[in-house]
Amino acid sequence: MPDLLIELFSEEIPARMQKRAGEDLQKLVTNGLVEAGLTYGSAAVFTTPRRLTLALGDMLAASPRQVEERKGPKADAPEKAVEGFLRGAGLTRDQLEERDTPKGKVLFAKIEKPGRPAAEIVAEVLEQTIRNFPWPKSMRWGSGSLKWVRPLHSILCVISDGAGAEVVPLTIDGITAGNTTRGHRFLAPDEIEVAGFEDYQDKLSRAFVVLDPATRADTIWHDATNMAFAAGLEVVEDAGLLAEVAGLVEYPVVLMGRIGEDFLGLPPEVLQTSMKEHQKFFSVRNPKSGQIERFVTVANRTTADEGATILAGNEKVLGARLSDAKFFWDNDLRSVTTGAGMETWVKALENVTFHNKLGTQAELIDRMATLSRELAPLVGADADEAEKAARVAKADLSSEMVYEFPELQGLMGSYYARRAGMSDAVADAAKDHYAPLGPSDDVPTAPVSIAVALAEKIDKLTGFWAIDEKPTGSKDPFALRRAALGVIRILVENDVSLSLNDVLGQSAEIVGDRDAGRADTADILGFIHDRLKVYLRDQGIRHDVIDACIAMDGSDDLTLLVKRARALSETLKTDDGENLIQGFKRANNILSQAEEADGVEYSFGADPKFAETEAEKDLFAALDKAEAKITPAMAAQDFSTAMAAMAELRGPIDAFFEAVQVNAENPTVRRNRLNLLSRIRTICSAVADLTKLDG
């Protein structure tokens, strides 16, 4: 079976677009071929800055012959109806077949579609793919109508088997498909003729092109870490930068350069950010001091001087970049260590809008400071420290460094706070109050940082609820889902127990009335509960288990809510726990039906002296024993013990239903047994609302 090789060769494709482009090429081509009846055995896609390559193995040489049966009108239908059917089928009257059906004789047509050669199908599919390729941005060039991310120079498209290679006949906007490509732009720019994928890959390798982006990334990381290790240093890991750099070169050559002595005093994060954002350099640090001392750059070619000229140029450009960073750093330090310090920056934020309906950044800071003070005793923080931290946490937004590098906000604030003589707790809060920004980020753990981080997120939720800017569908322009998840993670992962209803109410009062009115805190809590369901589902806890716990009093204490849900989830994984739920539901159903029929509530008065069977007496004893364990356990918030005691009821409840008829003829016995079922419902419902559970 033949193989197919496609290469689309162009000017440099932006690194951020390459991976998606390779996936789109494979999807569009393979889907098109399969729809046309041309199947294949394997597919592989490769990308470099100048080419998208797709290799298919064991493809059919032609699409199979197809026979389609089409039902037509009745045999005695009007002539015009029959003629219309014949035109659609492309047949004559004598080619139709009459068949007896329950509705009489009906005409049927068999339409044969002969197989088509692979080259013909590939040409059609590839042209459609190229002309409709979903680039995020594309351009036209010259006089043609074709759009591509960068000018497309050539199309390589060959079908090969043991007998040789065939070029697929295809021309698009004057570009005719062939069996040639080119190697490295500088090191091997001549045309290369290829006969198949293995030949293509081998010749490109000799022409200084590493086709596989994963191989290029591995080479870069291996060479960079080896160079750093030889100098007693280490490369700062950055998977995103590694993938980007691997998409900038076809033949990676790793070089390590030095950072000027004047810049080594800059914070490591400033050096790292400046080099990454502007130069695409990897940072190399001293593992003992944590200081960034060198950089790694990746060239796209070898040179006679082993990269000396390239390094010299990079060091010169880097020096100019870092001179700017040092200028910003020095100016900022002068601002915070003289005069009013960071208060001047906070004052400047009076002229910076946070949101046109929620006021300025300075007003946001005032709200955060007030709420942080309220939260401080609840999270074990000093109230004065928490308020002070909240007042300076966003001050660095006025700094020159953050203006140049917005991604350093918070982090630079921690440096400036320390230089201004503030405590470590205040400085750490400035760095941590935005956290967590993503699901894998660490949450703040220091009490002051917890208070300020919670205040920042809760103010955001109550503020945007007050102006009716809640998330809708997939739209969440103010990242309120992320804020809610941040509140959940901070509280749960730090084992902080507090009434979120109270805190949301305090925040709503601080935010005050806005254009849309005061924030609906119950609605906000429901929104947070929805985020909590996602958070716990990712940990393997069923949605109905979460609902059963949310339905209980005190569900605004997220830490206790999560402990309850985890304990119930673990209980339900046991045979006793799962079977107990069935017993509880049976008891609840019988009780509910009886209460509805009788018009009374059976909620008290069960007395063991009216028990007629041993199963009844055993259940009375088991309920007494369970209640004696569950009541103090729930008071101590020991959910695991309470759940275990509840699960122990499984046996007595099962035995009761096997031996006892609840609706006895004796009304006293019946009422006593219904009240006994009420005890089951009451005791089990003290742990969780088991009626919410599925099954």
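See the structure printed just above.
Residues numbered from 1 in each chain as written. Predicted model: local features only at pLDDT ≥ 70, side-chain atom pairs only at ≥ 80, totals over all residues. Heavy atoms only, no water.

Visitor: When you look at the environment of Leu38 in this model, what are you seeing that I'm missing?
Guide: On the secondary structure map, Leu38 appears in the loop between helix 1 (15-35) and strand 2 (42-48). Assessed through its relative accessible area of 0%, Leu38 is described here as buried. (Helix = DSSP H or I, 4+ residues; strand = E, 2+ residues; numbered from the N terminus. Buried < 20%, exposed > 50% of the residue type's maximum accessible area, 1.4 Å probe, protein only.)

Visitor: Help me understand the environment of Ser414 in this model?
Guide: Following the sequence through the fold, Ser414 ends up in helix 13 (residues 411-419). Between the alpha carbons of Ser414 and Ser555 there is a distance of 35 Å; along the sequence they are 141 residues apart. Setting aside anything within four residues of it in sequence, one finds Ser414 in contact with Ala427, Ala430 and Lys431. (Contact = heavy atoms within 4.5 Å.)

Visitor: Looking at this structure, how should I read empty space enclosed by the protein?
Guide: Here the idea is plain: a probe the size of a water molecule rolls over the atoms and shows the empty space left. With the rule as written, the count across this model stands at one cavity of 30 Å³ or more. A volume near 40 Å³ is recorded for the largest cavity. If you trace the largest cavity, you find it lined by Val236, Asp238, Leu241, Gln272, Lys276, Phe281, Phe282 and Ser283. Residue composition of the lining of the largest cavity, by class: four nonpolar, two polar and two charged. (1 Å grid on protein atoms, 1.4 Å probe; cavity = no way out; pocket = protein on both sides within 12 Å on 5 of 7 lines; lining within 4 Å. Points joined across faces, edges and corners; volume = space filled by probe spheres on them. Nonpolar A, V, L, I, M, F, W, Y, C, P; charged D, E, K, R; others polar.)

Visitor: Help me out: how do you make sense of the sheet that holds strand 6 (residues 104-113) in this one?
Guide: The strands making up a sheet are joined through hydrogen bonds of the backbone, oriented either antiparallel or parallel. Strands sit in the order 4-6-5 across an open sheet of three strands; the sheet is antiparallel. Unpaired on one side and paired on the other, strand 4 (66-74) and strand 5 (97-101) mark the two borders of the sheet. Averaged over all pairs of adjacent strands, the angle between their axes in this sheet comes to 35°, without regard to strand direction. Both strand 4 and strand 6 contribute to a ladder of seven bridges, which runs antiparallel. Residue Lys74 lies in a different strand from strand 6, and its bridge partner there is Val106. Sheet strands touched by helix 2 (residues 79-89): strand 4 and strand 6. Its angle to strand 4, the strand with the most contacts, is close to 170°. (Pairing = 2+ DSSP bridges. Axes fitted to C-alpha atoms, helices over the stretch in contact; angles between N-to-C directions.)

Visitor: Explanation requested: the pattern of salt bridges in the structure shown.
Guide: Where charged atoms of side chains with opposite charge meet at close range, the side chains can pair. Tallied over the entire structure, the rule returns 48 salt bridges. Linking Arg99 and Glu69 is a salt bridge whose minimum nitrogen-to-oxygen distance equals 2.5 Å. Of this pair, Arg99 sits in strand 5 while Glu69 sits in strand 4; the two residues are 30 residues apart in sequence, bridging distant segments of the chain. A relative accessible area of 42% places Glu69 in the partly exposed class. For Arg182, the salt bridge is made with Glu191, and the minimal N-O distance between the two is 4.0 Å. (Salt bridge = Lys/Arg side-chain N within 4 Å of Asp/Glu carboxyl O.)

Visitor: Got a minute to help me understand the packing of helix 11 (residues 383-392) against helix 15 (residues 447-466) in this structure?
Guide: The description of two packed helices rests on the angle between their axes and on the distance between the axes. It is at 9 Å that the axes of helix 11 and helix 15 come closest, and there the two elements cross at 55°. Classified by the angle between their axes, helix 11 and helix 15 sit oblique to one another. Judged by the twist between their axes, the crossing of helix 11 over helix 15 is right-handed. Of the residues in helix 15, those touching helix 11 at Glu385, Ala386, Ala389 and Ala390 are Val448, Ala451 and Val452. (Parallel < 35°, antiparallel > 145°, perpendicular 65-115°, else oblique. Left-handed = near helix turned anticlockwise from the far one by under 90°.)

Visitor: In this structure, what is going on with a negative patch on the surface? I would like to understand it.
Guide: A surface patch of negative charge is lined by Asp3, Asp58, Asp161, Glu166 and Glu198. Along the chain, Glu198 falls in helix 4 (residues 197-206). Overall, Glu198 belongs to the exposed group, its relative accessible area being 69%. (Patch = residues over 30% accessible without salt bridge, like charges linked within 9 Å, V, L, I, M, F, W, Y side chains within 5 Å. Areas by Shrake-Rupley, 256 points an atom, 1.4 Å probe, with all protein chains shown as cover. Lys, Arg positive; Asp, Glu negative; His and termini not counted. Charge placed at Lys NZ, Arg CZ, Asp CG, Glu CD.)

Visitor: Explain the environment of Leu349 to me, please; I cannot follow it from the model alone.
Guide: Checked against the element boundaries, Leu349 lands in the loop between helix 9 (342-348) and strand 17 (353-355). Measuring from C-alpha to C-alpha, the distance between Leu349 and Asp396 comes to 9.9 Å, with 47 residues separating the pair along the chain. Once you skip the residues sitting within four places of it in the chain, Leu349 turns out to touch Thr360, Gln361, Ala362, Ile365, Lys394, Ala395, Leu397 and Ser398.

Visitor: Just checking my understanding: could you explain the layout of surface pockets for this structure?
Guide: The calculated volume of the largest pocket comes to roughly 600 Å³. Along the wall of the largest pocket there are 24 residues; nearest its centre are Gln409, Tyr434, Ala435, Pro436 and Leu437. The set of elements that each furnish at least two residues to the lining of the largest pocket consists of strand 17, helix 14 (424-432), helix 15 and helix 16 (480-493). Within the lining of the largest pocket, the residues separate by chemical class into 12 nonpolar, three polar and nine charged. There is about 310 Å³ of room inside the second largest pocket. Lining of the second largest pocket is provided by 18 residues; of these, Gln18, Lys19, Thr47, Pro213 and Ala243 occupy positions nearest its centre. Looking at the lining of the second largest pocket, the elements that each hand over two or more residues are helix 1, strand 2, helix 5 (213-230) and helix 6 (239-246). The biggest single contributor to the lining of the second largest pocket is helix 1, with six residues. Of the residues in the lining of the second largest pocket, the class split is nine nonpolar, four polar and five charged.

Visitor: Looking at this structure, how should I read helix 21 (residues 575-598)?
Guide: Residues that lie three or four places apart on an α-helix share one face, since the helix turns once every 3.6 residues. Given a rise of 1.5 Å per residue, 24 residues ought to cover 34 Å, and the 35 Å separating the end C-alpha atoms of helix 21 matches this to within 8%. By the burial criterion, the buried members of helix 21 are Gly577, Leu580, Ile581, Gly583, Phe584, Lys585, Ala587, Asn588, Ile590, Leu591, Ala594 and Glu595. Structurally, helix 21 contributes buried residues whose contacts are with helix 20 (558-572), helix 23 (639-647), helix 24 (650-659) and helix 25 (667-685). One or two positions beyond helix 21, positive phi appears at Gly599, with a value near 70°. (Expected span 1.5 Å × (residues − 1).)

Visitor: Looking at this structure, how should I read the sheet that holds strand 7 (residues 152-161)?
Guide: Ordered by their spatial adjacency, five strands build an open sheet running 2-3-1-7-8, and the pairing between neighbours is antiparallel. Whereas interior strands pair on both sides, the edge strands pair on one side only; in this sheet they are strand 2 and strand 8 (164-167). Between one strand axis and the next, the sheet turns by 15° as a mean value, whatever way the strands run. Bridge count for strand 7 against strand 8 is four bridges, and the pairing is antiparallel. Residue pairing across strands places Ser160 opposite Ala165, the latter belonging to strand 8. Strands in contact with helix 1 are strand 1 (3-10), strand 2 and strand 3 (51-57); relative to strand 3, the strand with the most contacts, it is inclined by about 40°.

Visitor: For this particular structure, what's the right way to read helix 5?
Guide: Its 18 residues give helix 5 an end-to-end C-alpha distance of 26 Å, which sits within 8% of 26 Å, the value for a rise of 1.5 Å per residue. Residues of helix 5 that are buried include every one of Arg216, Ala217, Ile220, Ala224 and Ala228, and no others. The arc that holds every buried residue of helix 5, seen down its axis, measures 100°, which confines them to one face. The outward face of helix 5, more than 90 degrees from its buried face, is lined by the exposed residues Asp218, Phe229 and Ala230. Of the residues that open helix 5, the one with a side-chain oxygen 3.1 Å from the backbone nitrogen of Ala214 is Asp212. Positive phi shows up at Gly232, right after helix 5, with a value of about 75°. (Arc of directions from axis to C-beta. Polar contact = N/O pair within 3.5 Å; in protein donor to acceptor, adjacent residues only side chain to side chain.)

Visitor: Honestly, the packing of aromatic side chains in this entry has me stumped. Any pointers?
Guide: Centre-to-centre distance and the angle between the planes together describe a pair of aromatic rings. Tallied over the entire structure, the rule returns 15 aromatic pairs. Taking the centre distance of 6.1 Å and the plane angle of 65° together, the rings of Phe327 and Phe328 count as edge-to-face. Look at Phe327 and you get partly exposed, because its relative accessible area is 48%. We classify Phe328 as buried; its relative accessible area is 16%. Following the ring pairs from residue to residue traces out a cluster consisting of Trp329, Trp345, Tyr415 and Tyr416. The ring of Phe108 carries the charged tip of Arg99 above its face, separated from the ring centre by 4.3 Å. (Phe/Tyr/Trp six-rings, centres within 6.5 Å; stacked < 30°, edge-to-face > 60°. Lys NZ or Arg CZ within 6 Å of the ring centre and 35° of its normal.)

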